[in-house]
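Structural description and commentary
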Amino acid sequence: GLKWIRAENSNYPGTSNCVIKGNEYNPSAASLALANIEKAGLRDVITIDEGDCINWDLGGDQEDGSPTKVVIPGRTIVACNPPWGLRLSEDIEESWTSLKSFFREQCNSSEAWVLSGSKETTKFLRMKKSRSVVVKTADEDLRWIQYHVFRKKP
């Protein structure tokens, strides 16, 4: 439970057992998320940053074990909900290309789950899916798509 989440990780000193970080492009959605995190009493466990994911620094260029590196190889799951359905706009390619760059620069050796309603948009990631799980929400047929983000080659 929460006691385990907040406890220090014995394999990675200086970090808790579970770090939950979020990033939201839309200021209203970020504000709503922060309010809900506060109401749930999880402000010390979950953080939300605001802005384009291409500018979100998780310490991806740092060495494994560095205190500024958030991604723990093989132990990090990144879940994201990029634009789909009614949220699609003319900058869709830019949004998904930013997500691809974020994965490659910041999320080495992690597992990513992406919520998508369109095969056309996921093509911008230029990644091979590992698994796909069908979900239906807001009268839309969506997929949670799993990708394994591999370590950059030197």
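Just so it is clear, the model here is predicted, and its values are computed rather than measured. (Residues numbered from 1 in each chain as written. Predicted model: local features only at pLDDT ≥ 70, side-chain atom pairs only at ≥ 80, totals over all residues. Heavy atoms only, no water.)

**Quick word on the overall build of the protein**
Helix and strand content of the protein: four helices and six strands. In the protein, the succession of α and β elements from N to C terminus is α-β-α-β-β-α-β-α-β-β. Out of the 154 residues in the protein, the part that is buried amounts to 33%. Excluding contacts between residues fewer than 6 apart, the proportion of contacts in the protein whose partners are at least 24 apart in sequence is 61%. By element, 52% of the accessible surface of the protein is carried by carbon and sulfur atoms, the whole surface being about 10100 Å². (Helix = DSSP H or I, 4+ residues; strand = E, 2+ residues; numbered from the N terminus. Buried < 20%, exposed > 50% of the residue type's maximum accessible area, 1.4 Å probe, protein only. Contact = heavy atoms within 4.5 Å. Areas by Shrake-Rupley, 256 points an atom, 1.4 Å probe, with all protein chains shown as cover.)

**Topic: helix α3 (residues 92-106)**
The first and last C-alpha atoms of α3 sit 21 Å apart over 15 residues, in line with the 21 Å expected at 1.5 Å per residue. Along α3, the residues that are buried comprise Ile 92, Trp 96, Ser 98, Leu 99, Lys 100, Ser 101, Phe 102, Phe 103 and Gln 106. (Expected span 1.5 Å × (residues − 1).)

**Description of the sheet that holds strand β3 (residues 77-80)**
With respect to topology, four strands assemble into an open sheet ordered β3-β4-β6-β5, the strand pairing being mixed. Only two strands of the sheet have a single neighbouring strand rather than two, namely β3 and β5 (129-137). Going across the sheet, the axis of each strand differs from the next one's by a mean of 20°, ignoring polarity. Both β3 and strand β4 (residues 110-116) contribute to a ladder of four bridges, which runs parallel. Each bridged residue has a counterpart across the sheet, and for Val 78 the counterpart in β4 is Ala 112. (Pairing = 2+ DSSP bridges. Axes fitted to C-alpha atoms, helices over the stretch in contact; angles between N-to-C directions.)

**Observations concerning the pairing of β4**
In terms of burial, β4 is largely enclosed, as six of its seven residues are buried. Alignment of β4 against strand β6 (residues 140-149), held across seven bridges, turns out to be antiparallel. In the strand pairing of β6, Val 114 is matched with Ile 145.

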